[in-house]
Amino acid sequence: MNINEFLSDRSKLMKASEIRELLKWVTENVISFGGGMPDPSSFPAKEIMEVTKDVLTTKAEKALQYGTTGGVLELKEELTKFMDKVGIKVDGPENIIITVGSQEALDIVGRLFINPGDYVITESPTYLAALQAFRIYGPRIIGVPMDEYGIKVDVLEGVIKKVIEDGGKLKFIYVVPTGQNPTGITMSMERRKALLEIASRYDLLIIEDDPYGYIYFGDEEPPMRLKAMDSEGRVIYLSTFSKIAAPGLRLGWVAASDEVIKWFELAKQSIDLHTSTLNQYIAAELLRRGVIERNIPRIKEIYRTKRDLMLQALNEYMPEGVTWTKPSAGMFIWLTTPKKIDTGEMLGTAIKKYGVAYVPGKSFYPNEDRHNDMRLNFTYPTPQADF
Ligand code: PMP
């Protein structure tokens, strides 16, 4: 049988993640800066074990049962308090939905808002798996360049005007404002305000993807969340337990107006009914007992130390003409080589000859043809090579 004859047009828009492909051929003899995984020593494994036992002892009948699509009430109440501490005020549980990681929320964003041919704006470069999630729904994605302060808002406004002039339908601006993946850049407060102002003026949604804000490890306070400054209900806020607890829990959440959350629930119903009830009760208890809050300073310390080590090594070993970002959040450093180098072509040599892997920067660009960057992950590799 030829399966291709059966596949939908939509399936043909799906592309394997270069990163996941890459991870397959990284053996234990390769130092990999290619993945995007947290440091396993940051997982509160012992506490998760205790909490799991307690949850199953005291509420197995609920924790092992089907649940509502919106999510476990206790967890949503804990998240309301958790977000309140960073200035995000929601009226109640009706403003939150629990998803299978933020990745599911990104897919739902695509489902709910994108018609084929609609315009979507992202930072350039941007999170590869968001591009993949959106592309399935056939949008025209425009990347707006960044500098050290985040998305260039003057360019953004020009892009918006042009789309409108051409009669295009622009739906949302997707940003990762803190410790961006892949660049590690944190958007300045000024840019955040300007972005909100522009979104308001042109009546656009903002998708704020914030996996890294809670583990910001810079010396100063992190800038406010866009959601905390949103007086018009136009920010749809996504976050996750993947970086503050453990990605294996596959737990994320969305905070938005109750109307938007209802649409998310409707979409999620047909995808997977609901997120794992057991994991939701575990997460609620981790928050309630303060396990997550106590663990956050430890995660920050691990990542700050590892970032410093990588920055120090880059300073020591990189030749002239190579530049890189100095992140205060997130898990990545973005490195740019002179234009004559193609980091995609160089990768084979890097792995085979030098035993080092990274992710070529090319696929993080929605529409720019740039080949001289790479993404380096500093959270997963150990300080010492193990061989
Ligand atoms: N958004 C961004 C910017 C990310 O870096 C990640 C994780 N790599 C995610 C979303 C998805 O995370 P998860 O599905 O584990 O919550």
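Residues numbered from 1 in each chain as written. Predicted model: local features only at pLDDT ≥ 70, side-chain atom pairs only at ≥ 80, totals over all residues. Heavy atoms only, no water.

**Let's talk about the overall build of the chain**
When helices and strands are counted, the chain shows eleven helices and 14 strands. In terms of overall size, the chain behaves like a compact globule, its C-alpha atoms giving a radius of gyration of 21 Å where 387 residues would be expected to give roughly 21 Å. Oriented by its inertia axes, the alpha-carbon framework of the chain measures out at about 60 × 60 × 55 Å. For the chain, with 387 residues in total, the buried portion stands at 54%. Sequence separation of at least 24 residues holds for 74% of the intrachain contacts in the chain that already meet a minimum separation of 6. Carbon together with sulfur atoms contributes 53% to the accessible area of the chain, which is approximately 18,400 Å² in total. Side chains of the chain give 48 positive and 53 negative charges; the mean places of these two sets differ by 2 Å. (Helix = DSSP H or I, 4+ residues; strand = E, 2+ residues; numbered from the N terminus. Rg over C-alpha atoms; globule rule 2.2 N^0.38 Å. Buried < 20%, exposed > 50% of the residue type's maximum accessible area, 1.4 Å probe, protein only. Contact = heavy atoms within 4.5 Å. Areas by Shrake-Rupley, 256 points an atom, 1.4 Å probe, with all protein chains shown as cover. Lys, Arg positive; Asp, Glu negative; His and termini not counted. Charge placed at Lys NZ, Arg CZ, Asp CG, Glu CD.)

**What to know about the domain arrangement of the chain**
The extent of an interface is frequently quoted as the accessible surface area lost upon association of the parts. Here the chain is partitioned into domain 1 (3–43 + 296–377) and domain 2 (48–292). Between domain 1 and domain 2, the C-alpha centre-to-centre distance is 23 Å. Across the domain 1 to domain 2 interface the summed buried area is about 2,900 Å²; carbon plus sulfur atoms make up 63%. Our count for the contact surface shared by domain 1 and domain 2 stands at eleven residue pairs in polar contact (both at pLDDT 80 or more). Residue assignment for the side of domain 1 that touches domain 2 shows that the elements contributing at least two residues are helix H1 (18–24), helix H10 (291–317) and strand E11 (332–336). Ranked by the residues each element gives to the side of domain 1 that touches domain 2, the list is headed by H10, at six residues. A breakdown of the residues in the side of domain 1 that touches domain 2 according to their chemical character gives 18 nonpolar, seven polar and eight charged. (Domains from an automatic or database assignment. Buried area = accessible area lost by both parts, 1.4 Å probe. Polar contact = N/O pair within 3.5 Å; in protein donor to acceptor, adjacent residues only side chain to side chain. Nonpolar A, V, L, I, M, F, W, Y, C, P; charged D, E, K, R; others polar.)

**Describing the sheet that holds strand E8 (residues 235–240)**
Taken in spatial order, the eight strands make up an open sheet running E2-E9-E8-E7-E6-E3-E4-E5, and their pairing is mixed. Since the sheet does not close on itself, it has two edges, and those belong to strand E2 (96–99) and strand E5 (150–151), each with one partner. Note that strand E7 (residues 205–209) and E8 share four bridges and pair parallel. When the bridges of E8 are listed, Asp 209 appears paired with Leu 238. Strands in contact with helix H6 (residues 153–165) are strand E3 (119–124), strand E4 (140–147), E5 and strand E6 (170–175); relative to E4, the strand with the most contacts, it is inclined by about 160°. This element, helix H7 (residues 189–201), spans E4, E5, E6, E7 and E8 of the sheet and lies at about 145° to E7. (Pairing = 2+ DSSP bridges. Axes fitted to C-alpha atoms, helices over the stretch in contact; angles between N-to-C directions.)

**A closer look at the site of the ligand**
In the vicinity of the ligand lie 13 residues, with Ser 102, Asp 209, Tyr 212, Thr 240 and Ser 242 positioned nearest. One nitrogen or oxygen atom from the side chain of Thr 240 is found 2.6 Å from an oxygen atom belonging to the ligand. In the model, an oxygen atom of the ligand is placed 2.6 Å from a nitrogen or oxygen of the Ser 242 side chain. Expressed as a share of its isolated accessible area of 400 Å², the protein-covered part of the ligand is 91%. Counting residues per element, the shell around the ligand draws most heavily on helix H4 (residues 101–113), which supplies three residues. Tallied by class, residues from the shell around the ligand come to four nonpolar, six polar and three charged. (Near = heavy atom within 4 Å.)

**Here we look at the pairing of E11**
With respect to burial, E11 is a largely interior element, five of its five residues being buried. What you see with E11 is no split at all: Phe 332, Trp 334 and Thr 336 on one side and Ile 333 and Leu 335 on the other are buried throughout. Pairing of strand E10 (residues 323–324) with E11 involves two bridges; the strand directions are antiparallel. Following the sheet pairing, Thr 323 is matched in E11 by Thr 336.

**A few points about the nonpolar core**
With 56 residues, the main nonpolar core has Phe 241 and Trp 253 as its most contacted residues. Here this core takes nine residues from H10, the largest share from any one element. Composition of this core by domain shows at least three residues from each of domain 1 (3–43 + 296–377) and domain 2 (48–292). Each residue touching Phe 241, except ones within four places of it in the same chain, is listed here: Leu 75, Leu 79, Ala 246, Leu 251, Trp 253, Ala 283, Leu 287 and Ile 292. Leu 106, Ile 207, Leu 238 and Ile 261 belong to the second largest nonpolar core, which has 27 residues in total. (Core = buried A, V, L, I, M, F, W, Y, C linked by side-chain atoms within 4.5 Å.)

**Some thoughts on helix H8 (residues 258–272)**
For H8, built from 15 residues, the straight-helix expectation of 21 Å at 1.5 Å per residue is met to within 8% by its first-to-last C-alpha distance of 20 Å. Here H8 has its buried residues at Val 260, Ile 261, Phe 264, Ala 267 and Lys 268. Across the axial projection of H8, the buried residues extend over an arc of 125°, all falling on one side. Exposed side of H8, more than 90 degrees from the buried face: Glu 259, Lys 262, Trp 263 and Ser 270 are the residues found there. Buried residues belonging to H8 abut E2, H4, E8 and strand E9 (252–255). One or two positions beyond H8, positive phi appears at Leu 273, with a value near 65°. (Expected span 1.5 Å × (residues − 1). Arc of directions from axis to C-beta.)

**Some points on the packing of H6 against H7**
Where H6 contacts H7, the two axes come as close as 10 Å, and the packing angle between them is 15°. Considering their axes alone, H6 and H7 lie roughly parallel with respect to each other. Classified by chirality, the crossing of H7 by H6 is right-handed. Across from Val 153, Leu 156, Glu 157 and Ile 160 in H6, the residues of H7 making contact are Arg 191, Ala 194, Leu 195, Ile 198 and Arg 201. When grouped by side-chain class, the residues that make up the contact of H6 with H7 number six nonpolar, no polar and three charged. (Parallel < 35°, antiparallel > 145°, perpendicular 65-115°, else oblique. Left-handed = near helix turned anticlockwise from the far one by under 90°.)

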